[in-house]
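Here is what each chain is made of, one letter per residue.
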Amino acid sequence: MKIAVIGGGSTYTPELVDGFARLGSMVDELVLIDPAAERLEIVGAFAARIFHHHGHPGKVTWTTDLDAGVTDVDAAVIQLRVGGQNARISDETFPLECGCVGQETTGAGGLAKALRTVPVVLDIAERSRRLAPDAWIVDFTNPVGIVTKALLDAGHKAVGLCSAAMVFQRHFAKVLDVAPETIELDHVGLNHLTWELGVRAGGRDVLGSLTGEHVDRVAPASGLPPDLVRRLGVVPSYYLHYFYDHDDLVEHARTHESRAEEVQAIERELLQMYADETVDTKPELLSRRGGAFYSEAAVELLASLLGTSANDRHVVNLRNGGTLAFLADDAVVEVPARAGTGSVEPLPMPQLDAVARGLVAHVSAYEELALDAALHGGRERVFRALLAHPLVGQTRQAETLTDLLLDANRSYLAWA
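Residues numbered from 1 in each chain as written. Predicted model: local features only at pLDDT ≥ 70, side-chain atom pairs only at ≥ 80, totals over all residues. Heavy atoms only, no water.

**Overview of the overall build of the protein chain**
At step 1: When helices and strands are counted, the protein chain shows 17 helices and 13 strands.
At step 2: Over its C-alpha trace the protein chain gives a radius of gyration of 20 Å, about what one expects of a compact globule, namely 22 Å for 416 residues.
At step 3: For the protein chain, the C-alpha atoms occupy an extent of roughly 55 × 55 × 40 Å along the three principal directions.
At step 4: The proportion of buried residues among the 416 residues of the protein chain is 57%.
At step 5: A separation threshold of at least 6 residues defines the contact pool for the protein chain, and within that pool the share at least 24 residues apart is 68%.
At step 6: Entry remark: accessible area of the protein chain is about 16600 Å², with carbon and sulfur atoms responsible for 49%. (Helix = DSSP H or I, 4+ residues; strand = E, 2+ residues; numbered from the N terminus. Rg over C-alpha atoms; globule rule 2.2 N^0.38 Å. Buried < 20%, exposed > 50% of the residue type's maximum accessible area, 1.4 Å probe, protein only. Contact = heavy atoms within 4.5 Å. Areas by Shrake-Rupley, 256 points an atom, 1.4 Å probe, with all protein chains shown as cover.)

Set out below in structure tokens:
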């Protein structure tokens, strides 16, 4: 089978390649696609060495030609960042001028990324559909929920993927000293806005233990104080601390280097390592790049979608379809689903309590407005999306942030 990685020149690509080399026996050809030719050459050659190191019989190819790369693929993984780390630095800093958190997937920074990203992903997906009409699209590009909804609304055979659930699965297994595959999660919400409402180890309910006797080891993975996790009785995802600890994070961001600046420095060092022809395994430094366990999540999901695995339960982003009764059926949610060659269907899940339900409804409405702005442009649409976001929500802030966002992104937005 032929699998394409669009955005294959990313310094993170070797993490995914390592997963395919170790776990992806179904891959005959892995093609990396990226417009950055010099960077792609370095990453592509390193990826081929990783395959060879693990004795994988498949071949790794790379190209700057999207059409050539996606022709006749069985699946395409989209993992791109329009504007690179420089745009991310902007996303993480301009909202601070209004006292709002700067983050690449939520708030004003997340909206900026969505506006840049959605049109590019849709163009890629349309070109891919013409050349590989039966291929699955797996989106790992943030903001995953908004991008996945754009793909599904356009009729693409697509599913969104985030590694957050697998991170929790592996962490809980370590805390409980059990095998990761015995941990099953009721992971419910939106992308980067989820709660673990149920956790089972070998079929036994262990959520109470994780939020009780083990809470001091569990809470750091959520970025929240142990006492709050204990009081909630569920485990929030890491991104909830942008909502629950917003003001403290803003103050911290004003006096510290942004995450984007940190990643930018890591990427420079990684590229130097990748260029060394004696290196054929992923360096330890890559673990600081982010996206832990993405390779395992992606390979396992693709194996189900391509019919080469009996394990069909995966946490993905897909149509709500009544899973969360308070959201529209066509909203995109992040929940466990059954994945097969023909479809991906959400599994019945416990319902969120009022604390979580209100926030999810609020952010889902924002995502609807954000997608409208990304598809159709216009200052008023950007303003309305920001006004609807719970991390903004005030007229004066929304007006100022609209201007700051548009000023920072005019080179990417034709309508701006």
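Okay, back to it.
**Looking at empty space enclosed by the protein**
At step 1: In the structure shown here, the tally under the stated rule is two cavities of 30 Å³ or more.
At step 2: Listed by contribution, the elements that provide at least two residues to the lining of the largest cavity are α6 (144-153) and α15 (354-376).
At step 3: Approximately 30 Å³ is the volume found for the second largest cavity.
At step 4: As for the second largest cavity, its lining consists of Trp195, Leu232, Val234, Asp353, Val355 and Ala356.
At step 5: A class-by-class count of the residues in the lining of the second largest cavity yields five nonpolar, no polar and one charged. (1 Å grid on protein atoms, 1.4 Å probe; cavity = no way out; pocket = protein on both sides within 12 Å on 5 of 7 lines; lining within 4 Å. Points joined across faces, edges and corners; volume = space filled by probe spheres on them. Nonpolar A, V, L, I, M, F, W, Y, C, P; charged D, E, K, R; others polar.)

**Some remarks on the environment of His314**
At step 1: Position of His314 among the secondary structure elements: in strand β11 (residues 313-319).
At step 2: What makes His314 buried here is its relative accessible area of 7%.
At step 3: Put simply, His314 and Ala373 are 59 residues apart on the chain and 30 Å apart in space, counted from C-alpha to C-alpha.
At step 4: When sequence neighbours within four positions are dropped, the list of residues in contact with His314 reads Glu300, Leu301, Ser304, Val335, Pro336, Ala337 and Ala339.
At step 5: A polar side-chain atom of His314 sits 2.7 Å from a polar atom in the side chain of Ser304. (Polar contact = N/O pair within 3.5 Å; in protein donor to acceptor, adjacent residues only side chain to side chain.)

**Focus: the packing of helix α5 (residues 107-131) against α6**
What describes two packed helices is the angle between their axes and the distance between those same axes.
At step 1: One way to put it is that α5 packs onto α6 with a least axis distance of 10 Å and a crossing angle of 35°. Here α5 and α6 pass one another in a crossing that is right-handed. Across the interface between the two elements, Ala114, Thr117, Val118, Val121, Leu122 and Ala125 from α5 touch Ile146, Val147, Ala150 and Leu151 from α6.
At step 2: By residue class, the composition of the contact of α5 with α6 is nine nonpolar, one polar and no charged. (Axes fitted to C-alpha atoms, helices over the stretch in contact; angles between N-to-C directions. Left-handed = near helix turned anticlockwise from the far one by under 90°.)

**Remarks on the layout of surface pockets**
At step 1: One number sums up the size of the second largest pocket: a volume of about 440 Å³.
At step 2: Contributing to the lining of the second largest pocket are 20 residues, with Met166, Gln169, Ile183, Glu300 and Arg313 lying nearest its centre.
At step 3: Residue assignment for the lining of the second largest pocket shows that the elements contributing at least two residues are α7 (164-176), β7 (183-190), α14 (294-305) and β11.
At step 4: At four residues, α7 tops the list of elements feeding residues into the lining of the second largest pocket.
At step 5: Within the lining of the second largest pocket, the residues separate by chemical class into ten nonpolar, five polar and five charged.

**Here's the deal with the side chain of His214**
At step 1: As for its position among the elements, His214 is in the loop between α8 (207-210) and α9 (215-218).
At step 2: You can call His214 buried: its relative accessible area is 19%.
At step 3: Filtering out sequence-adjacent residues up to four positions away, His214 remains in contact with Val175, Leu176 and Ser209.

**Description of unusual backbone geometry**
Most peptide bonds take the trans configuration, and most residues that are not glycine carry a negative phi.
At step 1: Look at the link from Asn142 to Pro143: it is a cis peptide, with omega at -5°.
At step 2: For Pro143, the position within the fold is in the loop between β5 (136-139) and α6.
At step 3: A positive phi angle, near 65°, is found at Asp72, a position not held by glycine.
At step 4: Examined against the element boundaries, Asp72 turns out to sit in the loop between α3 (66-70) and β4 (75-78).
At step 5: Overall, the relative accessible area of 59% leaves Asp72 in the exposed class.

**A look at the packing of aromatic side chains**
At step 1: Throughout the structure, instances matching the rule amount to seven aromatic pairs.
At step 2: Residues Tyr12 and Tyr294 carry aromatic rings whose centres are separated by 5.5 Å and whose planes lie at 20° to one another, so their mutual orientation is stacked. With a gap of 282 residues between them, Tyr12 in the loop between β1 (2-6) and α1 (13-23) and Tyr294 in helix α14 connect regions that are remote in the sequence. Each member of the pair Tyr12 and Tyr294 is classed as buried.
At step 3: Pairing Tyr238 with Tyr242 gives two aromatic rings, centres 6.3 Å apart and planes at 90°, and the pair type is edge-to-face.
At step 4: Members of the aromatic cluster, each reached through a chain of ring pairs, are Tyr12, Phe140 and Tyr294.
At step 5: Seen from the ring of Tyr412, Arg116 lies directly overhead, with NZ or CZ sitting 5.7 Å from the centre. (Phe/Tyr/Trp six-rings, centres within 6.5 Å; stacked < 30°, edge-to-face > 60°. Lys NZ or Arg CZ within 6 Å of the ring centre and 35° of its normal.)

**What to know about the pairing of β1**
At step 1: Counting buried positions along β1 gives five out of five residues, so the element sits mostly inside the fold.
At step 2: Alternating positions in β1 separate into two faces, Lys2, Ala4 and Ile6 on one and Ile3 and Val5 on the other, with burial throughout.
At step 3: With respect to chirality, the unit in which β1 leads through α1 into the neighbouring parallel strand β2 (residues 29-33) is right-handed.
At step 4: Across four bridges, β1 lies against β4 in parallel orientation. Bridge assignment links Ala4 to a residue of β4, and that residue is Ala76. (Right-handed = clockwise from strand over helix to strand, strands pointing away. Pairing = 2+ DSSP bridges.)

Worth remembering: the numbers are spatial, not functional.
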